[in-house]
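Per-entry structural report
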Amino acid sequence: MRLTSRVFLTIISIFVVCISQAQIVEPVKWSFSSNTISETEAEIIATAKIEAGWHVYALKVSDKADAIGPIPTSIKLDPSSKYEAIGKPSEGKFITHYDPNFEMDLNYFENTATFKQKIKVKANAEFKCSGTLEYMACNDEKCIFPDPELFEVKIKPIGAAEGAVETPATEGATATNETAPSTGYRETYVTWTPSIVKTGDHSYELQLNAAIEKGWHIYAQKLEGNEGPEPTVVTFEPQSSYTLNGGVIEDKPKREYDPNFMMNLDYFENSAMFRQSISLTGSDTPIIVGSVKFMQCNESCLPSQTVFFKFDLAQMTCTQFDPLEGERVTAMSNDPFKMASVDLDSPLNNCGQEKEDYSLWAIFLFGLLGGLLALLTPCVFPMIPLTVSYFTKGAHKENGKAMAVMYGLFIFLIYFLLSLPFHLTKNVDPAVLNQIATNIWLNIGFFIIFVVFAISFFGFFEITLPSSLANKADNASNLGGLLGIFFMALTLAIVSFSCTGPILGSVLGSIYSDSDQIAAVVNILGMELALPAAKVSAAMAGFGIALGGPFAVFAAFPSLLKKLPKSGGWMDDFKVSLGFLELGLAVKFISNADLVSQWGILLREVFFGIWILLGALWAGYLLGWYRFKPGQGSKGMSATKLVVTATVILMTARFVPGVLNHEGLGKMKFLSGFPPPWTYSFYERKSEFDTHNNQLEEAMRLAKEQNKPVFLDFTGWACVNCRKMEENVWPEPEVRHLLDSNFVMCSLYVDEKTELPVDQQFIYETANGRKKRIQDVGDKWATLQTETFNNNSQPFYALLTPDGTLLTPATQYTPDAEKYAEWLNCGLEAYRNWQASAQK
């Protein structure tokens, strides 16, 4: 069975292209405007100016129903109570042309492109319409898939009063959403008035009063069935500072049979009151965010709407607001992500540190390792003596060695050239690596891909490139000279793809999902993250050198060929072993998704249980207990096979304490960071350190009270080296004493997916002008790290005074406990000097 279609290649391409970044290439400039068509309709207009030689794809790239090709342009509007989309977007006249790369007719635009989206206007005054536009741009050599374009345009309905603008209500005891009367379509016939009543020393009642216009009604919270209108739903965002006393109480509704819905319905006319009793759990008087979702009907029904409110218990005021039209915060004023007192160039004590960047060497070595593994596969290994013999004997004997060296060089060059397109994509958010490493769907996607790779290695099918490519390259290899040698190398790269493809895919996947693991493998200290495109080039260079180098070496020293093992069943054993390793890596990817989302499914014991099962199956295969297909594998037990089998059995046995509650052997320090954390377990385990997780303000407050510096830890649920530090370095006596006694510890999880309260979500404009959505807790801390500390890798540690002054240069992964303790002591010395100068 062969997996030869473009589907597989397209999946891999999307995974890698969507996550690459490098120098900025912006061949397309977008502008957005609006046009009011009537009292109830308007349209959003997106216009693209496209550089010569480039093109942007249409809303539908091909007329073929099952087309797998480039990414079409798409427009998505943000949801709002003020408008809704009418149908699908439209576009101008496009060009249709056959593209040999995708082997199909493609629809695209050159020079300019216009896209329009009609909307139904529901507001009576000027409002803003926002959304995102996604597109792919290509020329004859490369394609880019840039960040989505965020847009926001103003819409002024026909007949709207001059200067009238839809805005949230102002601060006060009550708030309404009334607008000036209009003869056109009206958004709502219900006016909501929130209020607060204090019922005791620590208890309040939050009230929502609805004034309903004559002829209209809204429904009660409970209805007879689920097939009728939508009931009214009142919710309050949970906080630790208060508790809800029972459910929401409502006035007694009317009950009447509705012939349209054919059921008895409970509803309110003229007015309705909804009340929620709460009790404070401490001394804080919080701001509580609540919402009411309701449907309003007369002879017909309008779509349900949601209205949001803030209840400020300290000021006893209420505010209605629209979370989708919150103020846009920029990096120039009142910046929540730029700690003004942090000066990276002038910490209070530089501790004699000098920055070094070893990450590209780490990734190069990782690619080299992948290339060496690919070299031993049945698709490549037998080709070494055949190819060297071809160059060093017969007609090529005189200059055969030089030609063989060029053959190896071209193999390296082919793989390296494959990385160049990644240097031509638009620069994206610096936190992209974290977003990729912790994106749930990408991790699930990589899990599926690695399982497919494993099944391929087990021999159930081969992953190959289209045979037409191999035939064309093979024909071109007959040209002779350097060009012929190049196409011979290209032919090898194509026909060996069934073996090299899964390994290369694993290398690239690991770069983007667990880049800190690469550093751990080669034991590189103090790693700084490099640009993703540079990472791809480093990995591809290493892979190409490992794959092409032996051809040159054996051509220069033909006698070495006699020392190579003969091809045989051991190659099947090697491929199957790679398959089990791929499955082990696949478990890591799905574990990342589980950790980030906190599903609690793949707990530490389950993780090790799966690894033990895989280890047992691997050992069973090597012992000859079963085969995936007849005739597979080597016969007997060679010395090498015996060593590998014994190693697999011993490692599998070593994993057994991982499912037990054994604090010694069960901690698996040699694997720290790869399995889920020690505390993510069936057993009730707590962190050994008192860290204030995701509570920066609380940590800064405690630091002032306790007169201690702040230990700031940018970490992540799926961060391998973070776990290594927490489980191997922090518990060391000299480090533990310093952290426990001298610092207020604060851990900020940049991959925490808990959504922020709606009133805390907004669009942030970074210092370089890029707009990004701050939607969950992880967005906050990732943006704080990039904007304040100009860094996007984890773990990342900073020591601050209680007022936010940087004490020492920040540090990262430091597996040497002694060096880490020196850094902490340097910070303490700087803090004491700062205290002394402040007291003078």
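The following refers to the structure shown. Keep in mind that what you see is a predicted model, and the values were worked out from it rather than measured.

For the structure shown, the criterion picks out 36 aromatic pairs. Residues W611 and F655 carry aromatic rings whose centres are separated by 5.3 Å and whose planes lie at 45° to one another, so their mutual orientation is tilted. Separated by 44 residues along the polypeptide, W611 in helix α13 (residues 604-622) and F655 in helix α14 (residues 639-655) bring together distant segments of the chain. Summarising the burial analysis for this pair, W611 and F655 share the class buried. Pairing Y621 with Y626 gives two aromatic rings, centres 6.1 Å apart and planes at 70°, and the pair type is edge-to-face. Taking relative accessible area as the criterion, Y621 reaches 0% and is therefore assigned buried. An aromatic cluster is defined as three or more aromatic residues linked by ring pairs; in this entry it consists of W30, F32, F94, F109, F115, Y135 and F151. Its guanidinium or amino end placed over the ring of Y621, R627 lies 4.5 Å from that ring's centre, counting from NZ or CZ.

All right, on to the sheet that holds strand β29 (residues 710-715) then. Paired through backbone hydrogen bonds, the strands of a sheet run either parallel or antiparallel to each other. In spatial order, the strands read β30-β29-β33; together these three strands make up an open sheet with mixed pairing. Edge positions in the open sheet fall to β30 (744-749) and β33 (796-800), since each of these has one partner strand only. Averaged over all neighbouring strand pairs, the angle between strand axes comes to 20°, with direction disregarded. Direction of pairing for β29 relative to β33: antiparallel, over a ladder of five bridges. Among the inter-strand pairings, F714 is bridged to a residue of β33, identified as F796. Its contacts with the sheet put helix α19 (residues 817-839) on β29 and β33, and the angle it makes with β33 is roughly 25°.

In this section: a negative patch on the surface. Together, E734, D816, E818 and E822 give the surface a local cluster of negative charge. Tracing the backbone shows E822 in helix α19.

Attention now goes to the pattern of salt bridges. Throughout the structure, instances matching the rule amount to 12 salt bridges. Across the pair K120 and E84 runs a salt bridge whose closest N-O atoms are separated by 4.0 Å. Note that K120 is positioned in strand β10 (residues 112-121) and E84 in strand β6 (residues 83-85), a separation of 36 residues in sequence. Given the relative accessible area of 33%, K120 is considered partly exposed. For D573, the salt bridge is made with K641, and the minimal N-O distance between the two is 3.7 Å. Of this pair, D573 sits in helix α12 (residues 569-597) while K641 sits in helix α14; the two residues are 68 residues apart in sequence, bridging distant segments of the chain. The exposure class assigned to D573 is buried, which follows from its relative accessible area of 6%. The buried category is assigned to K641, whose relative accessible area is 9%.

This paragraph deals with the nonpolar core. Across soluble globular proteins, nonpolar side chains have a tendency to be buried as a group. Counting residues in hydrophobic clusters, the biggest one holds 30 residues, and the most contacted among them are W192, I218, F274 and F311. Breaking this core down by element, the ones donating at least two residues are β15 (190-198), β16 (203-212), β18 (233-236), β19 (242-250), β22 (271-280), β23 (287-294) and β25 (305-312). Of the residues forming this core, the biggest block, five residues, is contributed by β16. Not counting chain neighbours up to four residues away, the residues in contact with F311 comprise P194, S195, I196, L206, Q207, L208, F236, P286, I287, I288, T317 and C318.

All right, on to the pairing of strand β3 (residues 41-50) then. Counted residue by residue, β3 has seven buried out of 10 residues, so it is predominantly covered. Where strand β2 (residues 28-36) and β3 come together, nine bridges link them in antiparallel fashion. Counted as the bridge partner of F32 is A46 from β3. The loop that links β2 with its antiparallel partner β3 comprises four residues. Taken together, the nine bridges between β3 and β10 define a ladder with antiparallel strand orientation. Its bridge partner being in β10, T47 is matched across the sheet by T114.

Moving on: the environment of T188. Examined against the element boundaries, T188 turns out to sit in the loop between β14 (149-155) and β15. A relative accessible area of 10% places T188 in the buried class. Taking the C-alpha atoms as reference, T188 lies 8.7 Å from K122; in sequence the two are 66 residues apart.

Looking now at a nonpolar patch on the surface. Together, L623, W625, M637, L642 and I649 line one region of the surface with nonpolar side chains, adding up to about 520 Å² of accessible area. Tracing the backbone through its elements, the reader meets M637 in the loop between α13 and α14.

Another aspect to go through is the side chain of T788. Positionally, T788 belongs in helix α18 (residues 777-789). A residue is classified by how much of its surface remains accessible, and T788, at 1% relative accessible area, is buried. Among the polar contacts listed, one links the side chain of T788 to the backbone nitrogen of M339, at a separation of 3.0 Å. T788 has contacts with F337, K338, M339, V342, L344 and T783, leaving out every residue within four places of it along the chain.

Attention now goes to unusual backbone geometry. With a phi angle near 70°, N111 is a residue other than glycine that sits in the positive phi range. Tracing the chain through its elements places N111 in the loop between β9 (104-110) and β10. Phi angles above zero are rare outside glycine, and M316 is one such case at about 55°. Locating M316 in the fold gives a position in the loop between β25 and β26 (317-321).

Procedures and definitions
Residues numbered from 1 in each chain as written. Predicted model: local features only at pLDDT ≥ 70, side-chain atom pairs only at ≥ 80, totals over all residues. Heavy atoms only, no water. Phe/Tyr/Trp six-rings, centres within 6.5 Å; stacked < 30°, edge-to-face > 60°. Helix = DSSP H or I, 4+ residues; strand = E, 2+ residues; numbered from the N terminus. Buried < 20%, exposed > 50% of the residue type's maximum accessible area, 1.4 Å probe, protein only. Lys NZ or Arg CZ within 6 Å of the ring centre and 35° of its normal. Pairing = 2+ DSSP bridges. Axes fitted to C-alpha atoms, helices over the stretch in contact; angles between N-to-C directions. Contact = heavy atoms within 4.5 Å. Patch = residues over 30% accessible without salt bridge, like charges linked within 9 Å, V, L, I, M, F, W, Y side chains within 5 Å. Areas by Shrake-Rupley, 256 points an atom, 1.4 Å probe, with all protein chains shown as cover. Salt bridge = Lys/Arg side-chain N within 4 Å of Asp/Glu carboxyl O. Lys, Arg positive; Asp, Glu negative; His and termini not counted. Charge placed at Lys NZ, Arg CZ, Asp CG, Glu CD. Core = buried A, V, L, I, M, F, W, Y, C linked by side-chain atoms within 4.5 Å. Polar contact = N/O pair within 3.5 Å; in protein donor to acceptor, adjacent residues only side chain to side chain.

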